[in-house]
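Tertiary structure, described
Here's the letter readout for the chains.
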Amino acid sequence: MLYAFLISLAVLALLSIVFEEVTHLNKAKTTLFFGCISWIALFMAAGDPGHEKLIEEQLNENLLEIATLWLFLMSTMTFVAYLNAKGMIQILVQKLFPQRVSVRMLMLQVAFFSLVLSAICDNVTATLVSLGLLTTFKLDKQMRRRMAVLIIFAVNSGGVALITGDVTTLMIFLGGHVHMSELLLLFVPAAVSVMLLAMLFSLKAEGEVSTTPIKREVRSVDIIIAVIFFSTIVMTMALNILFGIPPVLTFLTGLSVMFLVGHTTRSNKEELQILEYIRQVEYDTLLFFLGILLLVGMLKEIGTLDLLTQVYSQFDPNISNFVAGIGSALLDNVPLTAALLKAEPVLNTPEWLGLTYSVGVGGSLLVIGSAAGIIAMSKVKELTFVSYLKFVPALALCYSVGYGLTLLLAYHFYG
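Since we're looking at a predicted model, the values are computed, not measured.

Procedures and definitions
Residues numbered from 1 in each chain as written. Predicted model: local features only at pLDDT ≥ 70, side-chain atom pairs only at ≥ 80, totals over all residues. Heavy atoms only, no water. Helix = DSSP H or I, 4+ residues; strand = E, 2+ residues; numbered from the N terminus. Rg over C-alpha atoms; globule rule 2.2 N^0.38 Å. Buried < 20%, exposed > 50% of the residue type's maximum accessible area, 1.4 Å probe, protein only. Axes fitted to C-alpha atoms, helices over the stretch in contact; angles between N-to-C directions. Parallel < 35°, antiparallel > 145°, perpendicular 65-115°, else oblique. Contact = heavy atoms within 4.5 Å. Nonpolar A, V, L, I, M, F, W, Y, C, P; charged D, E, K, R; others polar. Salt bridge = Lys/Arg side-chain N within 4 Å of Asp/Glu carboxyl O. Phe/Tyr/Trp six-rings, centres within 6.5 Å; stacked < 30°, edge-to-face > 60°. Patch = residues over 30% accessible without salt bridge, like charges linked within 9 Å, V, L, I, M, F, W, Y side chains within 5 Å. Areas by Shrake-Rupley, 256 points an atom, 1.4 Å probe, with all protein chains shown as cover. Left-handed = near helix turned anticlockwise from the far one by under 90°. Core = buried A, V, L, I, M, F, W, Y, C linked by side-chain atoms within 4.5 Å. Expected span 1.5 Å × (residues − 1). Polar contact = N/O pair within 3.5 Å; in protein donor to acceptor, adjacent residues only side chain to side chain.

A word on the overall build of the protein. When its secondary structure is counted, the protein shows 21 helices and two strands. Against the globule reference of 22 Å for 415 residues, the protein gives a C-alpha radius of gyration of 21 Å, in line with a compact fold. With the C-alpha coordinates aligned to their principal axes, the bounding extent of the protein is approximately 65 × 55 × 50 Å. Out of the 415 residues in the protein, the part that is buried amounts to 53%.

We now examine the packing of helix α1 (residues 2–18) against helix α3 (residues 27–44). Contact geometry for α1 and α3: axes closest at 9 Å, N-to-C directions at 175°. Relative to α3, α1 is oriented roughly antiparallel. Here L2, F5, L6, L9, L12, A13, S16 and I17 of α1 come into contact with α3, specifically with K27, T30, T31, F34, I37, S38, A41 and L42. Across the contact of α1 with α3, the residue classes tally to 11 nonpolar, four polar and one charged.

Moving on: the pattern of salt bridges. Under the definition given, this model contains one salt bridge. The salt bridge involving R144 is made with E382; its shortest N-O contact spans 2.7 Å. With a gap of 238 residues between them, R144 in helix α8 (residues 141–158) and E382 in the loop between α19 (371–379) and α20 (385–389) connect regions that are remote in the sequence. Judged by its relative accessible area of 23%, R144 is partly exposed. A relative accessible area of 14% places E382 in the buried class.

What follows covers the packing of aromatic side chains. Using the criterion set out here, one finds 10 aromatic pairs in the structure. The interplanar angle of 15° and the centroid separation of 6.3 Å between the aromatic rings of Y357 and Y399 together place this pair among those described as stacked. Of this pair, Y357 sits in helix α18 (residues 349–361) while Y399 sits in helix α21 (residues 392–414), and the two are 42 residues apart along the sequence. Each of the two residues, Y357 as well as Y399, counts as buried. Put simply, the rings of F79, F229, F230 and F251 pair up and form one aromatic cluster.

Right, let's talk about a nonpolar patch on the surface for a bit. Taken together, the side chains of Y3, I7, V11, L12, L15, F19 and V22 present a nonpolar region at the surface, about 640 Å² in accessible area. Here the nonpolar patch gets five residues from one element, more than from any other, and that element is α1.

Where α18 meets α21, the axes come as close as 9 Å, and the angle between the chain directions of the two elements is 160°. The orientation of α18 relative to α21 falls into the category roughly antiparallel. When the axes of α18 and α21 are compared, the crossing they make is right-handed. Every residue of α21 that contacts α18 at T349, P350, E351, L353, G354, Y357, S358 and V361 is listed here: C398, Y399, G402, Y403, T406, L407, A410, Y411 and Y414. Considered class by class, the residues forming the contact of α18 with α21 number 11 nonpolar, five polar and one charged.

To continue, consider the nonpolar core. Side chains of a nonpolar character, in soluble globular proteins, are inclined to be buried together. Of all hydrophobic cores here, the largest spans 131 residues; its most connected members are L106, M298, L355 and L383. Considering every element that reaches this core, the biggest residue donor is helix α14 (residues 268–301), with 12 residues. Other than its neighbours up to four places away in sequence, L383 contacts R145, A148, V149, I152, V367, A376, M377 and Y388.

Moving on to the side chain of E182. Along the chain, E182 falls in helix α10 (residues 180–184). Taking relative accessible area as the criterion, E182 reaches 8% and is therefore assigned buried. Each residue touching E182, except ones within four places of it in the same chain, is listed here: H177, T349, L353 and Y414.

The next subject is the environment of G87. Structurally, G87 is set in the loop between α4 (49–85) and α5 (88–96). A residue is classified by how much of its surface remains accessible, and G87, at 1% relative accessible area, is buried. For the pair formed by G87 and L409, sequence separation is 322 residues and the distance between their alpha carbons is 42 Å.

With respect to the helices and strands, L184 occurs in helix α10. The spatial distance from the C-alpha of L184 to the C-alpha of M105 is 26 Å, given a sequence separation of 79 residues. Setting aside residues up to four positions removed in sequence, L184 forms contacts with A161 and L162.

Taking 1.5 Å of rise per residue, the 37 residues of α4 would be expected to cover 54 Å, and the 51 Å separating its terminal C-alpha atoms lies within 8% of that figure. Structurally, the start of α4 carries an N-cap: the backbone nitrogen of G50 is 3.0 Å from a side-chain oxygen of D48. Backbone geometry just after α4 places G87 at a positive phi near 80°.

Side chains three or four residues apart in an α-helix point the same way, a direct result of the helix having 3.6 residues per turn. With 13 residues, α18 extends 18 Å from end C-alpha to end C-alpha; this agrees with the ideal 18 Å at 1.5 Å per step. Buried residues of α18: P350, E351, W352, L353, G354, L355, T356, Y357, S358, V359, G360 and V361, and no others.

This paragraph deals with the side chain of S358. Mapping S358 onto the fold places it in helix α18. Residue S358 is classed as buried on the basis of its relative accessible area, which comes to 0%.

Bringing the environment of K390 into the picture now. Here K390 is to be found in the loop between α20 and α21. Look at K390 and you get exposed, because its relative accessible area is 53%. C-alpha of K390 to C-alpha of I241: the two residues are 149 residues apart in sequence and 40 Å apart in space. Those residues in contact with K390 that lie beyond four places of it in its chain are Q142 and R145.

Below, the structure is given as structure tokens:
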């Protein structure tokens, strides 16, 4: 009875996201409400102090994971919000992209940029920077929505090829199931599937777009903070690989350096404006993440993910991996991957590579299936759960092509 109630809360949370345009209830607030209620119900159903203590430990474990992600998001978003407010992202786009470009060429360029960026830094940073590109081009609503979907798929695809790009890739790598050289193979199917999606999206795209001219004078402190940001990304990867330092710690250090540098050159009034800008733009995104992760944590604690691992082991691994990727569009891919690794399936190298690709890219099939999608939905007003659904057939086709190509190459080289 309790499990049915808790799962129904998760379904209601999903429906509140789907029908946000109808109910006009902010998805961040509804998911947070259902997430909190689900854990309250777990405590009320505990029955005795021993079980209450166990649930409290489980909640604390989930809150630790959420707090880590929150702090990481806050650090990244603060950097990006500052650079965006100062026009640095627009200036970067003007350096990398021509001032006037056809919509079709822009699709390919944005797809490739997002793909490469997400391979060398985390998905959150890659998504925020890539979405920042959209604000510099004069795009209509439909094209901006299509570009946002392309960025989500490209960011998730690029992240699978390196341990610096995706948490699930890192988890499988640290488990000793794949080597670095084997992971690099995944960049080929990732790139092919992303470019295929870019071409599909550009079939009906006509005309040219231009960047918004930026005549703002660049101050030396803004350049220094941009360098601090990119140095922080590089150091995050290096320190994590060499010393196992959590990315959140390195990013918070970079953020503190940014504040120290900025404080010496900005007036108090200007500093308050930047902080207010960050609060207004990003708070809903953080609340939405909190609600989603509370719900996923609850589903993990009641054994829903364990049930999925049991189903996984009953079928051919290549089929199970493909379906697991689709499942990661509904459930967060990190706990799903953790549950699968805990089950210790006996897989060969091509099957592990297939799993790495599927759980990394499969979350793109729904807008709530990945961090990139959740951020994009919060940042791009035109992108909602319902409007995203019309892109699912194209996304499913590209996901299938990428997965099939992964197996083809993996079995050829490592089979």
